[in-house]
Amino acid sequence: RTQYNMISVGTPYAWYGVPYAEGFETFGLTAAGWLVINEDEANAWEHSTKAAYSGTSCIALNNLKGNRAGLNDALISPSFSLSYTTSPELSFRLACSQKTKTDADNLKIYTSSNCGQTWSLRNSISGSSLYTADPDTNPFIPKVDQWKEIKISLNTVAGKPMVRLKLEFNSD
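Residues numbered from 1 in each chain as written. Predicted model: local features only at pLDDT ≥ 70, side-chain atom pairs only at ≥ 80, totals over all residues. Heavy atoms only, no water.

## Considerations on the nonpolar core
Core analysis: the biggest nonpolar cluster contains 25 residues, and Phe92, Leu94, Leu107, Ile109, Ile125 and Leu130 have the highest contact counts within it. Elements represented by at least two residues in this core include exactly strand 5 (89–94), strand 6 (106–112), strand 8 (148–153) and strand 9 (164–170). Once residues lying within four places of it in the same chain are set aside, the contact partners of Leu130 are Leu94, Cys96, Asp105, Asn106, Leu107, Ile125, Lys148 and Phe169. (Core = buried A, V, L, I, M, F, W, Y, C linked by side-chain atoms within 4.5 Å. Buried < 20%, exposed > 50% of the residue type's maximum accessible area, 1.4 Å probe, protein only. Helix = DSSP H or I, 4+ residues; strand = E, 2+ residues; numbered from the N terminus. Contact = heavy atoms within 4.5 Å.)

## What to know about the confidence of the model for the protein chain
Of the residues in the protein chain, 84% reach a pLDDT of 70 or more, and the chain-wide mean stands at 84. For residues 1–5, every residue scores under 50 in pLDDT, and the model assigns this stretch two contacts once sequence neighbours within four places are set aside. (pLDDT = per-residue confidence, 0-100.)

## Quick notes on unusual backbone geometry
One non-glycine residue, Cys115, lies in positive phi territory at about 65°. Residue position: Cys115 is located in the loop between strand 6 and strand 7 (120–126).

## Digging into the pattern of salt bridges
Under the defined criterion, the tally for this structure stands at one salt bridge. The partner of Lys166 in a salt bridge is Glu168, with the nearest N and O atoms 3.7 Å apart. The pair Lys166 / Glu168 is uniform in exposure class, with both members buried. (Salt bridge = Lys/Arg side-chain N within 4 Å of Asp/Glu carboxyl O.)

Put into C-alpha coordinates, the structure is as follows:
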(Lines give C-alpha, C1' and ligand atoms only; values in the text may rest on other atoms or scores of the structure.)
Protein backbone atom coordinates (compact mmCIF):
# COMPACT_ATOMS: atom_id res chain seq x y z
CA ARG A 1 0.00 0.00 0.00
CA THR A 2 1.41 3.38 -0.98
CA GLN A 3 1.54 6.03 1.72
CA TYR A 4 2.46 9.62 0.86
CA ASN A 5 3.35 12.32 3.38
CA MET A 6 2.93 9.79 6.17
CA ILE A 7 3.04 10.95 9.77
CA SER A 8 3.83 8.49 12.53
CA VAL A 9 2.65 9.58 15.97
CA GLY A 10 4.56 8.11 18.86
CA THR A 11 4.32 8.35 22.61
CA PRO A 12 5.63 11.40 24.50
CA TYR A 13 7.96 9.08 26.45
CA ALA A 14 10.59 6.50 25.54
CA TRP A 15 9.33 2.99 24.82
CA TYR A 16 12.38 1.32 26.32
CA GLY A 17 15.16 1.88 28.82
CA VAL A 18 18.63 0.39 28.71
CA PRO A 19 20.15 -2.11 28.76
CA TYR A 20 17.99 -3.40 25.94
CA ALA A 21 18.36 -6.44 23.70
CA GLU A 22 16.19 -7.35 20.72
CA GLY A 23 16.55 -10.66 18.91
CA PHE A 24 13.34 -10.30 16.88
CA GLU A 25 12.36 -13.77 18.06
CA THR A 26 8.87 -13.06 19.40
CA PHE A 27 7.39 -10.08 17.59
CA GLY A 28 7.28 -8.78 14.06
CA LEU A 29 8.85 -5.40 13.40
CA THR A 30 5.78 -3.21 13.70
CA ALA A 31 4.46 -5.06 16.77
CA ALA A 32 7.74 -4.25 18.52
CA GLY A 33 7.40 -0.56 17.61
CA TRP A 34 9.72 -0.45 14.59
CA LEU A 35 8.85 1.62 11.52
CA VAL A 36 9.71 0.37 8.00
CA ILE A 37 10.37 2.97 5.27
CA ASN A 38 10.43 1.59 1.73
CA GLU A 39 11.11 4.28 -0.91
CA ASP A 40 10.82 2.05 -3.98
CA GLU A 41 7.90 -0.07 -2.71
CA ALA A 42 9.87 -3.21 -3.58
CA ASN A 43 11.59 -5.44 -1.02
CA ALA A 44 11.67 -3.96 2.47
CA TRP A 45 13.09 -4.75 5.90
CA GLU A 46 11.15 -7.68 7.33
CA HIS A 47 11.06 -10.24 10.09
CA SER A 48 12.59 -13.50 8.80
CA THR A 49 12.97 -17.04 10.04
CA LYS A 50 15.22 -18.08 7.13
CA ALA A 51 18.41 -17.24 9.04
CA ALA A 52 19.64 -16.19 12.46
CA TYR A 53 22.95 -15.76 14.23
CA SER A 54 21.34 -17.26 17.31
CA GLY A 55 17.75 -18.29 17.92
CA THR A 56 15.43 -18.70 14.95
CA SER A 57 14.77 -15.18 13.62
CA CYS A 58 16.34 -11.96 12.43
CA ILE A 59 15.48 -8.83 10.46
CA ALA A 60 16.37 -9.04 6.79
CA LEU A 61 16.32 -7.11 3.55
CA ASN A 62 16.17 -9.09 0.30
CA ASN A 63 18.30 -7.01 -2.03
CA LEU A 64 18.86 -9.65 -4.71
CA LYS A 65 16.38 -8.15 -7.16
CA GLY A 66 13.51 -5.71 -7.24
CA ASN A 67 15.07 -2.81 -5.35
CA ARG A 68 15.88 0.28 -7.42
CA ALA A 69 19.43 1.61 -7.23
CA GLY A 70 19.83 4.84 -5.29
CA LEU A 71 16.67 4.45 -3.19
CA ASN A 72 16.82 3.75 0.53
CA ASP A 73 15.21 1.14 2.72
CA ALA A 74 15.12 2.32 6.32
CA LEU A 75 14.24 0.73 9.62
CA ILE A 76 13.51 3.12 12.50
CA SER A 77 13.49 1.94 16.08
CA PRO A 78 11.09 2.87 18.84
CA SER A 79 12.51 5.43 21.27
CA PHE A 80 14.98 4.57 24.02
CA SER A 81 15.77 6.51 27.17
CA LEU A 82 19.51 7.03 27.53
CA SER A 83 18.95 9.51 30.39
CA TYR A 84 21.20 7.77 32.88
CA THR A 85 23.89 6.51 30.54
CA THR A 86 27.39 7.86 30.05
CA SER A 87 28.83 5.57 27.37
CA PRO A 88 25.98 3.93 25.43
CA GLU A 89 26.84 1.57 22.59
CA LEU A 90 24.86 -0.08 19.82
CA SER A 91 25.98 -3.57 18.90
CA PHE A 92 24.45 -5.90 16.36
CA ARG A 93 25.41 -8.71 14.04
CA LEU A 94 25.06 -8.52 10.30
CA ALA A 95 25.49 -10.82 7.33
CA CYS A 96 25.54 -9.48 3.79
CA SER A 97 26.52 -10.62 0.32
CA GLN A 98 26.76 -8.58 -2.85
CA LYS A 99 25.27 -9.74 -6.16
CA THR A 100 28.40 -8.91 -8.15
CA LYS A 101 31.90 -7.76 -7.24
CA THR A 102 31.09 -4.27 -8.51
CA ASP A 103 28.13 -3.68 -6.17
CA ALA A 104 28.67 -0.79 -3.77
CA ASP A 105 25.84 -1.14 -1.25
CA ASN A 106 25.88 0.89 1.95
CA LEU A 107 24.36 0.61 5.42
CA LYS A 108 24.16 3.84 7.43
CA ILE A 109 23.26 4.09 11.09
CA TYR A 110 21.76 7.32 12.41
CA THR A 111 20.47 8.60 15.74
CA SER A 112 17.82 11.19 16.50
CA SER A 113 17.07 12.78 19.86
CA ASN A 114 14.16 14.90 18.56
CA CYS A 115 11.69 12.21 17.46
CA GLY A 116 13.16 11.91 13.96
CA GLN A 117 12.98 15.59 12.99
CA THR A 118 16.72 15.45 12.30
CA TRP A 119 19.11 12.51 12.02
CA SER A 120 22.85 12.41 12.77
CA LEU A 121 25.05 9.87 10.99
CA ARG A 122 26.88 7.63 13.46
CA ASN A 123 28.41 5.09 11.08
CA SER A 124 28.51 4.17 7.41
CA ILE A 125 29.34 0.58 6.52
CA SER A 126 30.24 -0.38 2.96
CA GLY A 127 32.59 -2.52 0.89
CA SER A 128 34.57 -5.16 2.75
CA SER A 129 33.23 -3.80 6.04
CA LEU A 130 29.67 -4.65 4.94
CA TYR A 131 30.04 -7.89 3.00
CA THR A 132 30.54 -11.10 4.97
CA ALA A 133 30.34 -13.59 2.09
CA ASP A 134 31.45 -13.88 -1.52
CA PRO A 135 29.22 -12.40 -4.26
CA ASP A 136 26.30 -14.64 -5.16
CA THR A 137 23.44 -14.33 -7.63
CA ASN A 138 21.31 -16.72 -5.57
CA PRO A 139 19.31 -15.71 -2.47
CA PHE A 140 21.76 -15.25 0.41
CA ILE A 141 20.99 -17.33 3.48
CA PRO A 142 23.95 -16.79 5.83
CA LYS A 143 25.59 -19.55 7.80
CA VAL A 144 26.50 -18.90 11.45
CA ASP A 145 30.14 -18.12 10.53
CA GLN A 146 29.04 -15.46 8.01
CA TRP A 147 27.76 -13.02 10.64
CA LYS A 148 29.96 -10.36 12.18
CA GLU A 149 29.49 -8.03 15.10
CA ILE A 150 29.34 -4.27 14.63
CA LYS A 151 29.76 -1.90 17.59
CA ILE A 152 28.95 1.80 17.37
CA SER A 153 29.48 4.38 20.10
CA LEU A 154 26.39 6.43 20.92
CA ASN A 155 28.22 8.82 23.26
CA THR A 156 26.83 11.84 21.41
CA VAL A 157 23.32 10.95 22.62
CA ALA A 158 24.29 9.85 26.14
CA GLY A 159 21.95 11.36 28.71
CA LYS A 160 19.15 12.03 26.20
CA PRO A 161 15.63 10.98 27.30
CA MET A 162 14.33 9.90 23.86
CA VAL A 163 16.67 8.46 21.24
CA ARG A 164 15.69 6.67 18.04
CA LEU A 165 17.94 4.67 15.72
CA LYS A 166 17.67 4.45 11.96
CA LEU A 167 19.29 1.77 9.83
CA GLU A 168 19.30 2.86 6.22
CA PHE A 169 20.35 0.54 3.39
CA ASN A 170 21.17 1.96 0.00
CA SER A 171 21.33 -0.43 -2.93
CA ASP A 172 23.84 0.11 -5.72
